[in-house]
Amino acid sequence: MELMGILFRQIAIMFILMFIGMILFKTGKISKEGSKSLGNALIYIVMPAVVIKAFMVNFTTERLIGLGISFAAALAALLLSIAVSALCFRKHDIENFGTAFSNAGFMGIPIISVVLGSDAVFYVSSFVALLNILQWTYGVFIITRDKRQISLKKIVTNPVVLSLVIGIILFIIPVEMPEIVTGTIGYVAAMNAPVAMLSLGTYLAQIRFRELFTDRTAYISTLVRLVVIPLFTIALLSLLPAEYMTIRMAILIAASAPVGSNVAIFAQLHNKNYTQAVKSVCLSTICCIITMPLIVSLAGTLWNTGV
């Protein structure tokens, strides 16, 4: 029950930050351009710092094996998510993309860090990197239905992918970095939750609440993203030995996160239904305050963790 309490408190804090972002946007303190700038800061600076910081740990064979297992488990969980989403939303591009890819980086990692600790962030970093790769390949194809839009250059130069490569190098070949560097990385990484939730708050401010809570498609997308996929993920992760409980829980929390905000960015980029994308992001984010603790509690009961 202690883990459940920590999880609920962390989600509540993140929602308070989100509503602060909403108020700042509504009162004109953050503009649409400012919201876009927050997103750029998250993608190009903050998230890479989070990933690199996660790998700034002492090398051990146990951690290396755990990293390999977490990579395989993350790939399986993401492929499962893609399959479920494709079955449910074959003819709905926005919902297909949004439901397949959770907000694991901007919402999942801050929660995992507080609830499970830095070791869990180390293991779940591969999930976030794989999610980004799949978004820029399979995700782009879903949105555009044009294979020519898939860019290998964008994958290779993706900030999260690059930071994962740098992090693995630092982990395998330890380099003693000056405290001024490690301190800076730590401060930037700590910005992840506040900046991400302020950014999500600006999305929420652009949607009328009545529209948000009366959209049937958004409700179905939210149900699949927050309940159906996590339940299948619990079954999948149950195949892992009990000794890898931290990996199980970290990947489950990442997979239980709401619709990723990137669906709105991709929709805007490719002239798709941006408003519908924002509805899915906001509604699922609001509902996850209820679903995520319940999913984690169910997993804890099934896996006998005493959650």
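What you see is a predicted model, and the numbers here were worked out from it, not measured in a lab.

Attention now moves to the pattern of salt bridges. The tally for this structure, following the rule as stated, stands at two salt bridges. Measuring nitrogen to oxygen at the nearest pair gives 3.4 Å for the salt bridge that ties arginine 63 to aspartate 119. In this pair, arginine 63 is assigned in helix α3 (residues 61-88) and aspartate 119 in helix α6 (residues 118-144), connecting sequence segments 56 residues apart. The salt bridge partner of aspartate 215 is lysine 279, with a shortest N-O separation of 3.3 Å. Note that aspartate 215 is positioned in the loop between α11 (209-212) and α12 (216-237) and lysine 279 in helix α15 (residues 274-302), a separation of 64 residues in sequence.

All right, on to helix α8 (residues 159-172) then. Between its first and last C-alpha atoms α8 spans 20 Å; for 14 residues at 1.5 Å apiece the expected length is 20 Å, and the two agree. Listing the buried residues of α8 in full gives Pro159, Val160, Val161, Ser163, Leu164, Gly167, Leu170 and Phe171. Those residues of α8 that are buried lie in contact with α2 (32-54), α3, α6 and α7 (152-156). Sitting at the head of α8, asparagine 158 places a side-chain oxygen 3.0 Å from the backbone nitrogen of valine 160.

Under the criterion given, the structure shown has one cavity of 30 Å³ or more. A volume near 50 Å³ is recorded for the largest cavity. Those elements giving two or more residues to the lining of the largest cavity turn out to be α3 and α12. Of the residues contributing to the lining of the largest cavity, the split by class is six nonpolar, two polar and one charged.

Cut-off values and rules
- Residues numbered from 1 in each chain as written.
- Predicted model: local features only at pLDDT ≥ 70, side-chain atom pairs only at ≥ 80, totals over all residues.
- Heavy atoms only, no water.
- Salt bridge = Lys/Arg side-chain N within 4 Å of Asp/Glu carboxyl O.
- Helix = DSSP H or I, 4+ residues; strand = E, 2+ residues; numbered from the N terminus.
- Expected span 1.5 Å × (residues − 1).
- Buried < 20%, exposed > 50% of the residue type's maximum accessible area, 1.4 Å probe, protein only.
- Contact = heavy atoms within 4.5 Å.
- Polar contact = N/O pair within 3.5 Å; in protein donor to acceptor, adjacent residues only side chain to side chain.
- 1 Å grid on protein atoms, 1.4 Å probe; cavity = no way out; pocket = protein on both sides within 12 Å on 5 of 7 lines; lining within 4 Å.
- Points joined across faces, edges and corners; volume = space filled by probe spheres on them.
- Nonpolar A, V, L, I, M, F, W, Y, C, P; charged D, E, K, R; others polar.

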